[in-house]
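Structural description and commentary
Chain by chain, the residues:
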Amino acid sequence: MASRVTFIGAGNMAGAIIGGMIDSGFAPDAITATSPSDEMLAPLRDRLGIRTETDNDAAVEQADVVVLAVKPQIMREVCEKMRSAIQARRPLIISVAAGLPAETLEHWLGGELAVVRCMPNTPSLVGAGASGLYANTRVEASQRELATELMEAVGLVEWVDDEALLEAVTAVSGSAPAYFFLMFEAMEEAGASLGLSADTARRLAMQTAYGAAKMAMQSDKTPAELKRNVMSPGGTTERAIEHLEGAGLRRIVQDAMNACAHRASEMADELGKR
Ligand SMILES: NC(=O)C1=CN([C@@H]2O[C@H](COP(=O)(O)OP(=O)(O)OC[C@H]3O[C@@H](n4cnc5c(N)ncnc54)[C@H](O)[C@@H]3O)[C@@H](O)[C@H]2O)C=CC1
Ligand SMILES: O=C(O)[C@@H]1CCC=N1
């Protein structure tokens, strides 16, 4: 892709997407990342060979795509400061910020801009991300393709037609790596209490999660069928699953995901006021 992509912000999420893009063949010198100090930028520059800049305005001057990857709480200030530079260039805007509506971002940046809102996740770093995307009405077909190409470089892309559905995407994939990391922590602790070394328990748990995900993705069976195939009647798995179901795992997951989606909507109310 010949497009020049500038990331405003060089933290966890920008670093994950940039790392995945480069692994999948994007030219490092077509990518620029910004941060107010060089401290965050030096590792990206040294490790990945991308361009870096501490001045956001200078970084958008040549950009075809500007990815907004700062914390939602400072987005307004960052956007309003960049307004003139963005209006002079009118690049495609892709925001990865949780909660902030496309219309609000467009307004903060001076209006009349093509905005794609994207909810990615950090496994983008290893090319196994899962992103939900929404486009405002100004986004042209070619820009939609560009956003798809960029995010497909780091994993799965699903478009939604209703912006509010990005809250559900946040619950299902944006925040969800953390649910699985919590599960790994719990399995490591439990494995260690059963006598394994913590390292062995961690490696076995992670490989099992990887294998289960890979198998479920390649199989034409449902997760429920695959689960039944592991559960011998009267056997060990049945005992564990009875315990998880009995303790209300489904309700816990539903409540956690409701809370996540609700927080995304609260953030839009708190931060998205124009
Ligand atoms: N971490 C995650 O798993 C996910 C994060 N997101 C979204 O990604 C965005 C960034 O989150 P993280 O990367 O986790 O945060 P982070 O704190 O790791 O990174 C934020 C970056 O913004 C930079 N920054 C601060 N002020 C700036 C300015 N004025 N100009 C340019 N850069 C500036 C900081 O130096 C830092 O590099 C947030 O809006 C978040 O909602 C979305 C999906 C997943
Ligand atoms: O926790 C957060 O707010 C961000 C958005 C999704 C994942 N991390």
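Residue numbers here run from 1 along each chain, matching the order of that chain's written sequence. As a convention, the first chain written is A and the first ligand written is 1, with the rest following in written order. Predicted model: local features are reported for residues with pLDDT of at least 70 only, side-chain atom pairs are reported and counted for 80 or more only, and whole-chain, interface and lining totals are derived from all residues.

This part takes up unusual backbone geometry. For R90, which is not a glycine, the phi torsion comes out positive at approximately 50°. Looking at the secondary structure, you find R90 in the loop between α4 (72–89) and β5 (92–95). A tally of 14 C-beta atoms within 10 Å means that R90 is categorised as partly exposed. Every helix listed is a DSSP run of H or I at least four residues long, and every strand listed is a run of E at least two residues long, numbered separately from the N terminus. Residues with at least 20 neighbouring C-beta atoms inside 10 Å of their own are called buried, those with 12 or fewer are called exposed, and the rest are partly exposed, where every C-beta is derived from the backbone.

These domain limits were set by an automatic method or by a database of domain assignments. As assigned here, the protein chain comprises domain 1 (5–166) and domain 2 (176–264). Computed over C-alpha atoms, the centres of domain 1 and domain 2 are 33 Å apart.

It is worth spelling out the pairing of strand β7 (residues 129–135) at this point. Moving residue by residue along a regular strand, the side chains alternate between the two faces of the sheet. Most of β7 sits out of view: seven of its seven residues are buried. The alternating pattern of β7 places G129, S131, L133 and A135 and A130, G132 and Y134 on opposite faces, both of which are buried. Where strand β6 (residues 115–119) and β7 come together, four bridges link them in antiparallel fashion. Across the sheet, C118 pairs through a bridge with L133, a residue of β7. We treat two strands as partners when DSSP finds at least two bridges between them. Where β7 and strand β8 (residues 155–159) come together, five bridges link them in parallel fashion. Residue pairing across strands places L133 opposite W159, the latter belonging to β8. Crossover handedness is defined here as right-handed if the route from the first strand over the helix to the second strand goes clockwise, with the strands pointing away from the viewer. In this region the chain leaves β7, passes through helix α6 (residues 141–152) and returns to the parallel neighbour β8; the handedness of that crossover is right-handed.

Glancing now at the pairing of strand β2 (residues 31–34). Where burial is concerned, the two faces of β2 agree: the one with I31 and A33 and the one with T32 and T34 are both buried. Where strand β1 (residues 5–8) and β2 come together, four bridges link them in parallel fashion. In the sheet register, I8 faces β2, and the bridge partner there is T34. On the question of chirality, the crossover connecting β1 to the parallel β2 by way of helix α1 (residues 12–23) is right-handed.

Strand order in the open sheet formed by eight strands is β3-β2-β1-β4-β5-β6-β7-β8, with mixed pairing between adjacent strands. Of all the strands in the sheet, just β3 (51–53) and β8 have a single pairing partner and so form its edges. Each adjacent strand pair in this sheet contributes to an overall mean axis angle of 25°, direction not counted. In this structure, strand β4 (residues 65–68) lies alongside β5, joined through four bridges in parallel fashion. Along β5, the bridge assignment pairs V67 with I94. Contact between residues is assigned whenever the C-beta positions, reconstructed from backbone atoms, fall within 7 Å. Lines fitted to C-alpha atoms define the axes here, with helix axes fitted over just the stretch in contact, and angles between the N-to-C directions of these axes take values from 0 to 180 degrees. This element, α1, spans β1, β2, β4 and β7 of the sheet and lies at about 165° to β2.

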